[in-house]
Amino acid sequence: MQQVTPTGMRIPRLSRFGWLMGLYAENHARMQRLFAPARLGEGSWLSSVGDGLDVRLDVLERHPYTLELRLTYDLRDPLTGEPDPSAYLRVYTDARQVETTHCYVGRRWQDVMGLYPPPAELVGHRLRMNTFLGKWLEYLAERGHGVATLLPAGAEVARPPAPQREPARQ
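The rules we used
- Residues numbered from 1 in each chain as written.
- Predicted model: local features only at pLDDT ≥ 70, side-chain atom pairs only at ≥ 80, totals over all residues.
- Heavy atoms only, no water.
- Helix = DSSP H or I, 4+ residues; strand = E, 2+ residues; numbered from the N terminus.
- Buried < 20%, exposed > 50% of the residue type's maximum accessible area, 1.4 Å probe, protein only.
- Areas by Shrake-Rupley, 256 points an atom, 1.4 Å probe, with all protein chains shown as cover.
- Salt bridge = Lys/Arg side-chain N within 4 Å of Asp/Glu carboxyl O.
- Phe/Tyr/Trp six-rings, centres within 6.5 Å; stacked < 30°, edge-to-face > 60°.

Things to note about the overall build of the protein chain
- Helix and strand counts for the protein chain come out as three helices and six strands.
- The secondary structure elements of the protein chain, listed N-terminal to C-terminal, are α-β-β-β-β-β-α-α-β.
- The buried share of the protein chain, taken over its 170 residues, is 35%.
- Total accessible area on the protein chain stands at roughly 11,800 Å², and carbon and sulfur atoms take up 55% of it.

Brief notes about the pattern of salt bridges
- One pass over the full model with this rule turns up nine salt bridges.
- Where arginine 30 meets glutamate 138, a salt bridge forms, and the shortest distance between an N and an O atom there is 2.8 Å. Within this pair, whereas arginine 30 is found in helix H1 (residues 16-35), its partner glutamate 138 is found in helix H3 (residues 119-143), the two being separated by 108 residues in sequence.
- For glutamate 138, a relative accessible area of 38% gives the class partly exposed.
- Notably, a salt bridge pairs arginine 126 with glutamate 99, separated by 2.3 Å at the nearest N-O pair. Linking arginine 126 in helix H3 with glutamate 99 in strand S5 (residues 97-102), this pair joins segments that are 27 residues apart in sequence.
- Using a relative accessible area of 15% as the deciding quantity, one classes arginine 126 as buried.
- Accessibility expressed as a relative area gives 7% for glutamate 99, which makes it buried.
- Taken together, the shared-partner salt bridges in this structure form one network comprising Arg56, Asp58, Arg70 and Asp74.

What to know about the packing of aromatic side chains
- In this structure the tally under the stated criterion is two aromatic pairs.
- For the ring pair phenylalanine 132 and tryptophan 136, a centre distance of 5.5 Å and an interplane angle of 35 degrees mean the geometry is tilted. Linking phenylalanine 132 with tryptophan 136, this pair stays in helix H3, spanning four residues, or about one helical turn.
- On the basis of relative accessible area, phenylalanine 132 is assigned to the partly exposed category, the value being 33%.
- Taken together, the aromatic side chains of Tyr73, Phe132 and Trp136 make up a single cluster linked through ring pairs.

Here it is as structure tokens:
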């Protein structure tokens, strides 16, 4: 005898909050592969691949189970003088998740949506910010940024001298 699936049976779906938690985990894996921030000391780090867009990773604070980071290009906004674009990140080392807390100086979610936003609006905002982070980390990896290109900010890179051309003989 054939079995028929009841029409009222639901296929399980991932909630938006579950999707967000999965995104946090994916971004942690991307960040670990790219920069391994748990191994870095406090301070600024630069990654340069020779394309003129150096990436700056600032380790702002270290706590027993979290890291506070800022990821930005080594560029300044001409109006504010602040690094732009910037993403402020919280790395949960024990839970293996990375959360984008805000993307601009002074623009925390409370500044964007008010103190008491509806939960769906808050989750939607976090989904957009963390999707942006995932795409940015993928782009940086494709450009060649990573642990091998990361140096403390201000460290001089030893480059071989440019080859000298011999003067033309006449």
